[in-house]
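Below, each chain spelled out in residue letters.
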Amino acid sequence: MSSERTEVQVRPGVEQDLEALTDIYNHYVRETSITFDTVVFTPQERRPWLLSHPEDGPHRLMVATDADTKEILGYATSSPYRAKPAYETSVETTIYLAPHAGRRGIGTLLYKALFEALAGEDVHRAYAGIAQPNEASTRLHERFGFRYVGTYREVGRKFGRYWDVAWYEKQL
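Enquirer: Which parts of the structure should I look at to understand helix H2 (residues 43–51)?
Expert: Burial in H2 covers these residues: Arg-46, Trp-49 and Leu-50. End-on view of H2: buried residues confined to an arc of 95°, all on one side of the axis. What points out from H2, more than 90 degrees from its buried face, is the exposed set Gln-44 and Pro-48. Elements that come into contact with the buried residues of H2 comprise helix H1 (18–31), strand S2 (61–66) and strand S3 (72–80).

Below, the structure is given as structure tokens:
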């Protein structure tokens, strides 16, 4: 790697990451239509989310850190797709990067680690909903074998307008 590129390590998320993960997520809540949450979270409010992603099982949290500074650069999760029991072999995946960490291959590293972690689990399909437009996320998901399955038109309202969500699936 060139000297200007930071080395990145990916590991399972732990409770000590909660504040940094909450800060990253809150950026997207405040500034973007990427998440349809509209009110920022405190770390304590976000704690049940973190605890719902243990180090094993189908619902994982992978964290990318700067190898030198240990700063959290982003995270990827696999979460329950829907609450009903027949959906238990499906997960919804997502990635959030620190605002300054885009276009450095960190999303690729996170998804690679996440899908390697899921390889031994009883998971049949992964789904990803991408608020439109979001070319970078679409490209990343297609690179990992996600296929477009349809768009929910004007399904969310944020910042005074309606947003579409394109849905993608990947066989695991």
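Enquirer: Teacher, can you tell me more about the pairing of strand S5 (residues 125–131) here?
Expert: Both faces of the sheet carry side chains from a regular strand, because those side chains alternate between them. A large share of S5 lies buried, amounting to 6 of its 7 residues. In terms of handedness, the path from strand S4 (residues 90–97) via helix H3 (residues 106–118) over to S5 forms a crossover that is right-handed. The sheet contact formed by S5 and strand S7 (residues 161–171) spans 7 bridges and is antiparallel. What sits directly across from Ala-131, in S7, is Val-165.

Enquirer: Before we go on, may I ask you to explain the sheet that holds strand S1 (residues 8–12) in this structure?
Expert: Spatially, the 7 strands line up as an open sheet ordered S1-S2-S3-S4-S5-S7-S6, and their pairing is mixed. The sheet is open, and its two borders are formed by S1 and strand S6 (147–158), each paired with just one other strand. For this sheet, the mean angle separating the axes of adjacent strands, direction not counted, is 25°. Of the strand pairs in this sheet, S2 and S3 are connected by 5 bridges, and their pairing is antiparallel.

Enquirer: What's the story with the side chain of His-53 in this structure? I'm lost.
Expert: Considering the arrangement of structural elements, one finds His-53 in the loop between H2 and S2. Only 3.2 Å separates the side chain of His-53 from the side chain of Ser-52, close enough to count as a polar contact.

Enquirer: Whenever I open this one, the packing of aromatic side chains confuses me. Can you help?
Expert: One pair of aromatic rings is described through two measures. These are the centre distance and the angle between the planes. Within the structure shown, the criterion is met by 15 aromatic pairs. Seen in terms of ring centroids, Trp-49 and Tyr-75 are 5.4 Å apart; in terms of plane orientation they differ by 65°. Their pairing is edge-to-face. Of the two residues, Trp-49 is situated in helix H2 and Tyr-75 in strand S3; the sequence distance between them amounts to 26 residues. The class for Tyr-75 is buried, based on a relative accessible area of 1%. Cluster of aromatic residues (ring-pair linked, three or more members): Tyr-25, Tyr-28, Phe-41, Trp-49, Tyr-75 and Tyr-96. Positioned above the aromatic ring of Tyr-25 is the side chain of Arg-46, whose terminal nitrogen or guanidinium carbon lies 3.9 Å from the ring centre. A cation over an aromatic ring shows up here: Arg-82 above the ring of Tyr-87, its NZ or CZ 6.0 Å from the ring centre.

What counts, and where the lines are drawn
Residues numbered from 1 in each chain as written. Predicted model: local features only at pLDDT ≥ 70, side-chain atom pairs only at ≥ 80, totals over all residues. Heavy atoms only, no water. Buried < 20%, exposed > 50% of the residue type's maximum accessible area, 1.4 Å probe, protein only. Helix = DSSP H or I, 4+ residues; strand = E, 2+ residues; numbered from the N terminus. Arc of directions from axis to C-beta. Contact = heavy atoms within 4.5 Å. Right-handed = clockwise from strand over helix to strand, strands pointing away. Pairing = 2+ DSSP bridges. Axes fitted to C-alpha atoms, helices over the stretch in contact; angles between N-to-C directions. Polar contact = N/O pair within 3.5 Å; in protein donor to acceptor, adjacent residues only side chain to side chain. Phe/Tyr/Trp six-rings, centres within 6.5 Å; stacked < 30°, edge-to-face > 60°. Lys NZ or Arg CZ within 6 Å of the ring centre and 35° of its normal.

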